[in-house]
Amino acid sequence: MATSASAVLSKTVKKQFLDLPQGDKVQAMYIWIDGSGEGLRCKTRTLNSEPKTIDELPEWNFDGSSTHQSEGSNSDMYLIPVAMFRDPFRQDPNKLVLCEVFKYNRKPAETNLRHICCKVMSMSEVADKQPWFGMEQEYTLLGTDGHPFGWPSNGFPGPQGPYYCGVGADKAYGRDIVEAHYRACLYAGVDICGTNAEVMPAQWEFQVGPTEGINMGDHLWAARFILHRVCEDFGVIVSFDPKPITGNWNGAGCHTNFSTNDMRAEGGLKAIEDAIERLSKRHTYHIRTYDPNGGLDNARRLTGHHETSSIHEFSAGVANRGASIRIPRAVGQEKKGYFEDRRPSANCDPYAVTESLVRTCLLKEEAQLLNFLVY
């Protein structure tokens with residue numbers, strides 16, 4: 001981590017320039033998902049005044065041939081602002097602007113999964129059910145050499161056991177990074193609701209939600225971007241790989257909590273059980289949507305070990321962290337609330353995950369193949 005004298009000097013110099021007045025101008029950092037479906041890109045433009053709504057933000061463009069989203073002979077791609085957050089790095093009045101990507105013909109780019117997700121979330125039969133989501137984003141901190149942060153350079157730390165929610169320099173690796181990210185998300189207006197150290201050393205988790213509809217994906221992507229930027233300032237790398245270290249170490253997921261107004265009402269357990277029954281009949285479809293490579297990434301994680309279910313079988317249970325779907329014990333007792341889908345991988349696209357849950361549980365689709373139907 002950046003603790004050397006040169007790093008301290010760099011931070012001092014950076015602060016000197018960031019403290020300079022900027023007049024009435026505003027810096028807006030436009031953020032988008034690149035052609036990998038996992039990576040984030042960004043660039044900044046100057047605005048003449050502080051935007052108060054998304055409608056006040058101009059469209060922009062970029063070179064898609066450099067982000068794996070177009071060919072060089074037809075490289076211009078459009079950036080359409082869809083969500084705006086306060087900028088925790090440059091601070092007010094500057095903004096972070098999450099964008100959808102469109103091709104030259106104004107059709108959504110292949111990795112713009114938000115476009116259809118938004119249409120699905122806007123359907124009356126979905127919106128009327130008030131779908132709430134909460135996503136638990138696990139991640140691993142790495143040094144710039146790719147080695148897990150804080151691990152011995154030529155070996156391994158002690159076995160798993162003392163690290164989950166651990167306290168102490170020999171158990172919690174990188175807490176200052178986690179705290180910086182948490183505060184930056186709060187400043188930005190991200191619906192972050194908690195954080196904790198995970199089972200593998202140098203692995204952490206933050207939670208976003210409960211958030212309704214399309215906002216879930218917007219806020220999780222914004223939180224991921226902020227984490228990348230915080231790690232950049234600390235001189236480390238964040239990995240969302242679902243199994244960054246082979247062997248007897250936990251993988252990284254993005255457990256997704258889901259509920260509707262029917263599930264949250266008195267007697268809502270029946271609606272929860274009905275949804276789980278539908279999910280049980282569509283396991284293959286969900287596995288394909290729960291990581292950006294159609295299930296190949298999750299196959300390294302969902303082994304039936306290390307608090308995961310098997311990728312080949314659907315299962316559900318109360319308080320069972322080895323199941324595909326977990327019903328929290330309190331929900332089972334109160335007969336209402338939510339359920340947790342433990343299958344999504346850490347590198348999932350939250351738009352794909354939330355859309356697929358809505359399609360199966362609310363729109364009652366049954367096909368096992370990926371469905372890109374626009375309603």
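Values in this document were obtained by computation on a predicted structure and should not be read as measured data.

Parameters and conventions
Residues numbered from 1 in each chain as written. Predicted model: local features only at pLDDT ≥ 70, side-chain atom pairs only at ≥ 80, totals over all residues. Heavy atoms only, no water. Helix = DSSP H or I, 4+ residues; strand = E, 2+ residues; numbered from the N terminus. Rg over C-alpha atoms; globule rule 2.2 N^0.38 Å. Buried < 20%, exposed > 50% of the residue type's maximum accessible area, 1.4 Å probe, protein only. Contact = heavy atoms within 4.5 Å. Polar contact = N/O pair within 3.5 Å; in protein donor to acceptor, adjacent residues only side chain to side chain. Pairing = 2+ DSSP bridges. Axes fitted to C-alpha atoms, helices over the stretch in contact; angles between N-to-C directions. UniProt positions renumbered as here; feature names shortened; annotations may be inferred. Salt bridge = Lys/Arg side-chain N within 4 Å of Asp/Glu carboxyl O. Expected span 1.5 Å × (residues − 1). Patch = residues over 30% accessible without salt bridge, like charges linked within 9 Å, V, L, I, M, F, W, Y side chains within 5 Å. Areas by Shrake-Rupley, 256 points an atom, 1.4 Å probe, with all protein chains shown as cover. Parallel < 35°, antiparallel > 145°, perpendicular 65-115°, else oblique. Left-handed = near helix turned anticlockwise from the far one by under 90°. Nonpolar A, V, L, I, M, F, W, Y, C, P; charged D, E, K, R; others polar.

For the rest of this paragraph, the subject is the overall build of the chain. Within the chain, the regular secondary structure consists of 11 helices and 13 strands. Taken over C-alpha atoms, the radius of gyration comes to 21 Å for the chain, in line with the 21 Å a tight globule of 375 residues would show.

Now for the environment of Y30. Tracing the chain through its elements places Y30 in strand 1 (residues 26-33). Judged by relative accessible area, which is 0%, Y30 ranks as buried. Counting along the chain gives 203 residues from Y30 to D233, while the straight-line C-alpha distance between them is 19 Å. Aside from chain neighbours lying at most four places away, what touches Y30 is R41, C42, K43, R45, L57, P58, W60, L79, P81, V97 and C99. Within the structure, the side chain of Y30 is placed 2.7 Å from the backbone oxygen of P58, a separation counted as a polar contact.

Judged by how many residues are buried, strand 10 (residues 254-259) sits mostly within the fold: 6 of 6 residues are covered. Here strand 10 shows no split at all, with C254, T256 and F258 on one side and H255, N257 and S259 on the other all buried. Bridge count for strand 10 against strand 13 (residues 339-341) is 3 bridges, and the pairing is antiparallel. Residue pairing in the sheet places T256 in a bridge with D341 of strand 13.

Read from one edge to the other, the open sheet built from 5 strands follows the order 2-1-5-4-3, with strand pairing classed as mixed. Every other strand in the sheet has two partners, leaving strand 2 (40-47) and strand 3 (60-63) as the edge strands with one partner each. Across the sheet, the mean angle separating the axes of adjacent strands is 40 degrees when strand polarity is ignored. For strand 3 and strand 4 (residues 76-86), the ladder comprises 4 bridges, and the chain directions are antiparallel. Counted as the bridge partner of D63 is D76 from strand 4. With respect to the sheet, helix 5 (residues 215-234) is in contact with strand 1, strand 2, strand 4 and strand 5 (95-102), its orientation differing from that of strand 2 by roughly 90 degrees.

In this section: the UniProt feature "domain: GS beta-grasp" (unreviewed entry) in the chain. UniProt feature "domain: GS beta-grasp" (unreviewed entry): in the numbering of this structure it lies at residues 24-106. Annotation note: span residues 24-106, helix share 0%, strand share 47%, distance between end C-alpha atoms 33 Å.

Turning next to the environment of S122. Looking at the secondary structure, you find S122 in helix 2 (residues 114-122). For S122, a relative accessible area of 53% gives the class exposed. Between the C-alpha atoms of S122 and D145, which are 23 residues apart in sequence, the distance is 44 Å.

Where side chains of opposite charge bring their charged atoms close, a pairing between them can arise. Per the stated rule, a full pass over the model turns up 25 salt bridges. The shortest N-O distance in the salt bridge between K14 and D233 comes to 3.1 Å. With K14 in helix 1 (residues 5-18) and D233 in helix 5, the pair connects residues that are 219 residues apart, well separated along the chain. Residue D233 is classed as partly exposed on the basis of its relative accessible area of 31%.

A few words now on helix 5. Along an α-helix, a turn takes 3.6 residues, which lines up residues three or four apart on a common side. For helix 5, built from 20 residues, the straight-helix expectation of 28 Å at 1.5 Å per residue is met to within 8% by its first-to-last C-alpha distance of 28 Å. Among the 20 residues of helix 5, 16 are classified as buried, and the element is accordingly described as predominantly covered. Two residues or fewer past helix 5, G235 is found with a positive phi of approximately 75 degrees.

A cluster of nonpolar side chains, contributed by L9, V13, F17 and L20, occupies part of the molecular surface with about 390 Å² of accessible area. With respect to the helices and strands, the residue V13 is situated in helix 1.

Orientation of helix 4 (residues 175-188) relative to helix 5, taken along the N-to-C sense of each, is 135 degrees, at an axis distance of 9 Å. Taken together, the axes of helix 4 and helix 5 are oblique relative to one another. The handedness of the crossing between helix 4 and helix 5 is right-handed. Of helix 5, the residues touching helix 4 (which contributes D176, I177, A180, H181, A184, C185 and A188) are A223, I226, L227, V230, C231 and F234. Residues of the contact of helix 4 with helix 5, tallied by class, amount to 11 nonpolar, 1 polar and 1 charged.

A separate point is unusual backbone geometry. Negative phi characterises most residues that are not glycine, and trans characterises most peptide bonds. D92 connects to P93 through a cis peptide bond whose omega is 10 degrees. Looking at the element boundaries, P93 is found in the loop between strand 4 and strand 5. Look at the link from G209 to P210: it is a cis peptide, with omega at 0 degrees. Topologically, P210 is positioned in strand 8 (residues 203-212). Even without being a glycine, Q130 presents a positive backbone phi close to 50 degrees. Here Q130 falls in the partly exposed class, since its relative accessible area comes to 36%. At K364, a residue that is not glycine, the phi angle is positive and equals roughly 60 degrees.

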